[in-house]
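# Breakdown of the fold
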Amino acid sequence: MGQTNPPFMSGVPELLLLRLLAQREMYGYELVKSIKLVTSEAISLGEGVIYPVLHGLERSGALKAKRKTVDGRTRVYYSLTAKGKKRLDKLQGEWHRIQSGITAALGVPGNA
Amino acid sequence: MRDQTFRDLRRSMQQSGVAPRHIRRMVLELHDHLDDLKQEAVANGCDPFQAHARAVREIGDQKLLARKFLEHSELRTWVYRYPRVARFYYPVAYVLLLPAAPVFAGVARASMIARWGAALMLSATVTAAMFLAMQLSIALG
């Protein structure tokens with residue numbers, strides 16, 4: 001089992017899921033693998049933990065879920081809606097703002 | 001084995017008032033995810049039993065999963081989200097629906113009631129015609 005993510009990670013799974021689904025529709029397993037890949041395994045979500053987040057985002061209208069059969073296997077694929085795109089833009093903006101603040105507070109890397 | 005793997009999770013979510021459609025889909029998705037993890041483990045050299053055990057471990061603790069689901073209150077049925085409204089709504093709904101129940105029952109069985117009414121009318125017409133014929137035969141005879 002890998003490292004657990006720190007408490008300030010709350011909200012990050014949502015941002016990552018929206019960002020990945022902005023590129024193309026995906027199903028749960030594919031999303032977990034993609035998160036590991038794009039974050040170079042720095043962020044590791046529990047395999048099952050993404051589903052409550054996905055369902056919550058779908059319920060709020062940010063995502064659309066549909067069952068699709070690909071290569072003989074039926075899976076639930078998620079895609080981003082217009083509302084989800086707006087939510088992603090907002091979260092990205094907030095993330096950059098916080099990141100700049102934290103970076104400024106910690107100082108230039110190497111000077112700490 | 002497939003149906004038993006997430007039995008506890010399903011039960012825990014049902015007891016906490018998570019909407020049935022979310023439970024059904026969640027369990028379905030977890031089964032699919034588990035199958036993918038098993039395939040991955042088998043491809044990496046595990047035997048099927050090891051692969052299953054590893055996949056279940058990677059999916060994560062089911063109690064934690066249920067807890068994560070409950071953090072999203074919007075996924076619960078409205079009765080659990082607004083218990084006070086539900087406590088008020090149900091008695092009022094029953095009081096309003098009770099007198100309307102016979103009407104709903106009548107509407108639901110409208111075709112049967114129409115057939116019964118038509119048969120009754122036909123038999124009454126035949127009986128009346130017979131009485132009329134008898135009266136005429138007495139009067140003219």
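Keep in mind it's a predicted model, so treat the numbers as computed, not measured.

Here the focus is the overall build of chain B. Looking only at helices and strands, chain B features 7 helices and 0 strands. Reading the secondary structure of chain B in the N-to-C direction produces α-α-α-α-α-α-α. A compact globule built from 141 residues would reach a C-alpha radius of gyration of about 14 Å, whereas chain B, at 32 Å, exceeds it by more than 25%. Across its three principal axes, chain B shows a C-alpha extent of roughly 105 × 40 × 15 Å. When burial is assessed residue by residue, chain B has 16% of its 141 residues classed as buried. Taking the intrachain contacts of chain B between residues at least 6 apart in sequence as the baseline, contacts between residues at least 24 apart amount to 55%.

Let's shift gears to the overall build of chain A. Per the secondary structure count, chain A includes 4 helices and 2 strands. Along chain A, from the amino end to the carboxyl end, the secondary structure elements read α-α-α-β-β-α. Within chain A, buried positions represent 27% of all 112 residues. In chain A, once contacts between residues fewer than 6 apart in sequence are set aside, the share between residues at least 24 apart is 51%.

With that settled, consider the interface of chain A and chain B. With 14 residues of chain A at the contact, the number on the chain B side is 19 residues. Breaking the side of chain A that touches chain B down by element, the ones donating at least two residues are α2 (28–38), α3 (50–59) and β2 (73–80) of chain A. A total of 5 residues in the side of chain A that touches chain B trace back to one element, the largest contributor, which is α3 of chain A. For the side of chain A that touches chain B, the per-class residue count stands at 5 nonpolar, 6 polar and 3 charged.

It is worth spelling out the packing of α2 of chain A against α3 of chain A at this point. All names here are of chain A. Closest axis-to-axis distance for the α2/α3 pair is 11 Å, and the angle between their directions is 110 degrees. Classified by the interaxial angle, the pair formed by α2 and α3 is roughly perpendicular. Here α2 runs over α3; the crossing is right-handed. Between α2, through Gly28, Leu31 and Val32, and α3, the contact on the second element is made entirely by Ile50, Tyr51 and Leu54. When its residues are assigned to classes, the contact of α2 with α3 shows 5 nonpolar, 1 polar and no charged.

Residues and elements named next belong to chain B. With respect to the helices, strands and loops of the structure, His52 is situated in helix α3 (residues 48–59). Here His52 falls in the partly exposed class, since 19 other C-beta atoms lie within 10 Å of it. The sequence separation of His52 and Leu37 amounts to 15 residues, and the corresponding C-alpha distance is 8.2 Å.

Counting 35 residues, the largest nonpolar core has Leu17, Ile50, Leu54 and Leu63 of chain A as its most contacted members. Elements with a minimum of two residues in this core: α1 (12–23), α2, α3 and β2 of chain A together with α1 (7–15), α2 (20–43), α3 and α4 (62–71) of chain B. Excluding anything up to four places from it in sequence, Leu63 of chain A contacts Leu21, Leu54, Leu57, Glu58, Tyr78, Ser79, Leu80, Thr81 and Gly84 of chain A.

In this section: unusual backbone geometry. The phi dihedral of Asp71 of chain A is positive, around 50 degrees, even though this residue is not glycine. On the secondary structure map, Asp71 of chain A appears in the loop between β1 (63–70) and β2.

Residues and elements named next belong to chain A. By the bridge criterion, 8 bridges tie β1 to β2 in an arrangement that is antiparallel. Across the sheet, Leu63 pairs through a bridge with Leu80, a residue of β2. The hairpin turn running from β1 into β2, its antiparallel successor, is 2 residues long, and Asp71 in that turn takes a positive phi close to 50 degrees.

With that out of the way, let us pick up the confidence of the model for chain B. Residue-level pLDDT values for chain B average 86, and 98% of them are 70 or greater. Interface predicted TM-score (ipTM) for the complex: 0.78; the corresponding pTM is 0.71.

For α1 of chain A, with 12 residues, the first-to-last C-alpha span of 17 Å sits near the 16 Å given by 1.5 Å per residue. Of the surrounding elements, those touching the buried residues of α1 of chain A are α2, α3, β1, β2 and α4 (82–106) of chain A.

Parameters and conventions
- Residues numbered from 1 in each chain as written.
- Chains lettered and ligands numbered in written order.
- Predicted model: local features only at pLDDT ≥ 70, side-chain atom pairs only at ≥ 80, totals over all residues.
- Helix = DSSP H or I, 4+ residues; strand = E, 2+ residues; numbered from the N terminus.
- Rg over C-alpha atoms; globule rule 2.2 N^0.38 Å.
- Buried ≥ 20, exposed ≤ 12 C-beta atoms within 10 Å, placed from the backbone.
- Contact = placed C-beta atoms within 7 Å.
- Nonpolar A, V, L, I, M, F, W, Y, C, P; charged D, E, K, R; others polar.
- Axes fitted to C-alpha atoms, helices over the stretch in contact; angles between N-to-C directions.
- Parallel < 35°, antiparallel > 145°, perpendicular 65-115°, else oblique.
- Left-handed = near helix turned anticlockwise from the far one by under 90°.
- Core = buried A, V, L, I, M, F, W, Y, C linked by C-beta atoms within 7 Å.
- Pairing = 2+ DSSP bridges.
- pLDDT = per-residue confidence, 0-100.
- Expected span 1.5 Å × (residues − 1).

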